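# Inside the fold
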Amino acid sequence: MLAQGIILRRPRVLGPAGRLEVDRRAADALHRAREAHGPGPLRLRIPFREVALVLDREDVVRLLDGSPEPFAPATREKRAALAHFQPQGVLISRGEDRAQRRAWNESVLQMDRPLHAVGAHLVPVVREEVTRLLGEVAGADGADGGELDWDRFAVGWWRAVRRVVLGDGARDDAELIDLLGRLRAHANWAYLHRTDDAGRRQLLDGIDGWLDRAEPGSLAAEVRAGHPSGRVAAASQVAHWLFAYDAAGIAVWRALSLLAGHPAALDDVRHELAGRDLDTPQELPLLRATVLESVRLWPTTLAVLRESTQETDWRGRRAPAGTTFVVVSSFFHRDERTLPAADAFDPAGWLDGRDRTAEALVPFSGGPGRCPGRDLVLFTTSTVLAALLADRSLAQTAGTAAVTGTLLPRTLDHTALSFRLAPRTPARSAPLPREENTADRTVERAAG
């Protein structure tokens, strides 16, 4: 996990990691540890630190439900890493600072609201940028549709994200995201890399500049409407949102691989999109579930960390205050011993709206510290997928395939994936019965 990059993925490592199926090897090692030592948590012998590996899903729930007390999200490693680019971010804050920043984030990001108020701006921005991107690809390749690889997609993705978060004027401010990427690369090393104070100040000043403009319809305007006090440190919170949107782009890209390899699921998506006015904000349950499955199968947060603020008891054994508990996301998300469809694409599990934290499935964390931007991210990603797929065929042209009827790869290098999205002529088909919907048909097929 350290080699792949905790904060910013290292492309040179992702390829070998995928070929070696490192997540499967890690899961095997953790299973052996659980068999040898019991459900844990398993305390590790690490000099000068108290670290424990979490091996039981009930313990995952306990840790998440107990945030921020007695299990604080702001662990030593997390503070050292994130301070490189968001020194006052909510994830590394404690006490009253954390309480205020958390409440402000929940308010501005409109937590638990499926369609954020920025939707009237977000939807046309996404559709415009997707259309431009695919037009550029088709023109460059000299063919209908053209081949879209990760590097090209990332350019279009960030244009859309900057417009949604910072305003239309930020569309071409690639330097800001490049600077964020450089600081995140430093953050991979946490306290082993010197903090670039000048670069960090430049990043936060750049964000503040866009927040001062507060272009109507953007998330920046919502920030200003939220009247952030100096204690909120709005620029640090926005830096984290931009960081999170990088992971969201990866989830979209892997979701395309899932749909390309599962024609029946892609057909269900097309039924969900059929007849909708995609120029207006829409709840798209199946596409949201597809993104959630993408992040379940290949977590973008490689490890969830919590640090105990007091001594705690675990099945009669004591862990001292200051213990860092490590939850390896992929171990629980793909645990074939507790999940019947661990290595399969199963969006139906997310369609009934139930909280799957009890299964230790935490693509957006869980408990009081769950991601306040979850719904905004799912709104954005489902809208992007709809714009890509509504009128185009989909075929994967490069990278490891995620094919129906097979055990899906445990490690998937997103940077190696490419797709061809060509204009399609809608096929004539009988309309669905009025009482039937896409979610119902998907659940029925999964049950069958």
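Structure: above.
In this report, the structure presented in the accompanying data block is examined.

## A look at the sheet that holds strand 5 (residues 303-308)
Strands pair in a sheet through their backbones, by hydrogen bonds, and they do so in one of two ways: parallel or antiparallel. If you trace the five strands from one edge of the open sheet to the other, you get 1-2-8-5-3, paired in mixed fashion. Here the strands that pair on one side only, and so sit at the sheet edges, are strand 1 (42-46) and strand 3 (71-72). The pairing of strand 5 with strand 8 (residues 324-328) spans five bridges and is antiparallel. Residue glutamate 307 lies in a different strand from strand 8, and its bridge partner there is threonine 324.

## Description of the sheet that holds strand 9 (residues 392-398)
Taken in spatial order, the three strands of this open sheet run 4-10-9, and their pairing is antiparallel. The open sheet has two free edges, formed respectively by strand 4 (147-149) and strand 9, since each of these has just one partner strand. Going across the sheet, the axis of each strand differs from the next one's by a mean of 30°, ignoring polarity. Here strand 4 pairs with strand 10 (residues 418-423) via three bridges, running antiparallel. Bridge pairing in strand 10 links leucine 148 to phenylalanine 419.

## Considering a nonpolar patch on the surface
A cluster of nonpolar side chains, namely Met1, Leu2 and Ile6, defines an oily patch on the protein surface of about 290 Å² accessible area. In this structure, methionine 1 sits in the segment before helix 1 (11-20).

## Considerations on the pairing of strand 8
Summarising burial for strand 8: five of the five residues are buried, a large majority. Covered by surrounding structure in strand 8 are Thr324, Val326 and Val328 together with Phe325 and Val327, the residues of both alternating faces.

## Some points on the environment of glycine 135
Among the structural elements, glycine 135 can be located in helix 6 (residues 119-141). For glycine 135, a relative accessible area of 43% corresponds to the partly exposed category. For the pair glycine 135 and glycine 146, spaced eleven residues apart in the sequence, the C-alpha separation amounts to 8.6 Å.

## So, the pattern of salt bridges
Taken as a whole and judged by the stated rule, the model has 35 salt bridges. A salt bridge links aspartate 97 to arginine 231; the nearest nitrogen and oxygen atoms lie 2.5 Å apart. One end of the pair, aspartate 97, is in helix 5 (residues 95-108); the other, arginine 231, is in the loop between helix 10 (219-225) and helix 11 (234-261), with 134 residues separating them in the sequence. You can call aspartate 97 partly exposed: its relative accessible area is 27%. A residue is classified by how much of its surface remains accessible, and arginine 231, at 39% relative accessible area, is partly exposed. Beyond isolated ion pairs, a larger network of salt bridges with shared partners links Glu128, Glu129, Arg132, Arg163, Asp168, Arg171 and Asp172.

## A few points about unusual backbone geometry
A cis amide bond links glycine 40 with the next residue in sequence, proline 41, at an omega value of 0°. In this structure, proline 41 sits in the loop between helix 2 (22-37) and strand 1. Cis geometry marks the peptide bond from serine 67 to proline 68, where omega comes out at 5°. As for its position among the elements, proline 68 is in the loop between helix 3 (57-65) and strand 3. At alanine 214, a position not held by glycine, the phi torsion is positive, near 45°. Here alanine 214 is to be found in the loop between helix 9 (197-213) and helix 10. Given the relative accessible area of 19%, alanine 214 is considered buried. Residue serine 365 is not a glycine yet carries a positive backbone phi of 60°.

## Details of the side chain of serine 236
Mapped onto the secondary structure, serine 236 falls in helix 11. According to the relative accessible area criterion, serine 236 is buried, its value standing at 2%. In contact with serine 236, not counting residues within four places along its chain, are Gln86, Pro87, Gln88, Gly89 and Leu204.

## Side note on the nonpolar core
Ranked by internal contacts, the top residues of the largest apolar core, which has 102 residues, are Phe85 and Phe153. Top contributing element to this core by residue count: helix 11, with 17 residues. Non-local contacts of phenylalanine 85, meaning those with residues more than four positions away in its chain, are made with Ile7, Leu180, Leu183, Arg184, Ala187, Arg200, Leu203, Leu204, Ala239 and Phe243.

## Notes on the environment of alanine 251
Inspection of the secondary structure assignment puts alanine 251 in helix 11. Look at alanine 251 and you get buried, because its relative accessible area is 4%. Along the primary structure alanine 251 and threonine 290 are separated by 39 residues, whereas in three dimensions their C-alpha atoms are 9.3 Å apart. The contacts of alanine 251, once residues within four sequence positions are left out, are Val291, Ser294 and Val295.

## Focus: the pairing of strand 10
Note that strand 9 and strand 10 share six bridges and pair antiparallel. Note on strand 10: the bridge partner recorded for leucine 394 is leucine 421.

## Points about helix 15 (residues 374-389)
An ideal rise of 1.5 Å per residue puts 22 Å on 16 residues; helix 15 measures up with 22 Å between its terminal C-alpha atoms. Along helix 15, 15 of the 16 residues are buried, which leaves the element largely enclosed by surrounding structure.

## Re the packing of aromatic side chains
According to the stated counting rule, one finds twelve aromatic pairs in the structure shown. A centroid spacing of 5.9 Å and a plane angle of 45° characterise the contact between phenylalanine 71 and tryptophan 314, whose relative ring orientation is tilted. You can see phenylalanine 71 sitting in strand 3 and its partner tryptophan 314 sitting in strand 6 (residues 312-314), a full 243 residues away along the chain. Tryptophan 314 carries the same exposure label as phenylalanine 71, and that label is buried. Each ring, one from tryptophan 104 and one from tryptophan 241, has its centre 6.0 Å from the other, and the planes form 10°; the classification is stacked. Residue tryptophan 104 is found in helix 5, and its partner tryptophan 241 is found in helix 11; the two are separated by 137 residues along the sequence. One aromatic cluster is present, formed by Trp150, Phe153, Trp157, Tyr245, Trp253 and Phe419 through successive ring pairs. Directly above the aromatic system of tryptophan 210 lies the positively charged group of arginine 213, at a separation of 4.3 Å from the ring centroid. Above the ring of tryptophan 350, the side-chain terminus of arginine 356 is found at 4.8 Å from the ring centroid.

The rules we used
- Residues numbered from 1 in each chain as written.
- Predicted model: local features only at pLDDT ≥ 70, side-chain atom pairs only at ≥ 80, totals over all residues.
- Heavy atoms only, no water.
- Pairing = 2+ DSSP bridges.
- Helix = DSSP H or I, 4+ residues; strand = E, 2+ residues; numbered from the N terminus.
- Axes fitted to C-alpha atoms, helices over the stretch in contact; angles between N-to-C directions.
- Patch = residues over 30% accessible without salt bridge, like charges linked within 9 Å, V, L, I, M, F, W, Y side chains within 5 Å.
- Areas by Shrake-Rupley, 256 points an atom, 1.4 Å probe, with all protein chains shown as cover.
- Salt bridge = Lys/Arg side-chain N within 4 Å of Asp/Glu carboxyl O.
- Buried < 20%, exposed > 50% of the residue type's maximum accessible area, 1.4 Å probe, protein only.
- Contact = heavy atoms within 4.5 Å.
- Core = buried A, V, L, I, M, F, W, Y, C linked by side-chain atoms within 4.5 Å.
- Expected span 1.5 Å × (residues − 1).
- Phe/Tyr/Trp six-rings, centres within 6.5 Å; stacked < 30°, edge-to-face > 60°.
- Lys NZ or Arg CZ within 6 Å of the ring centre and 35° of its normal.

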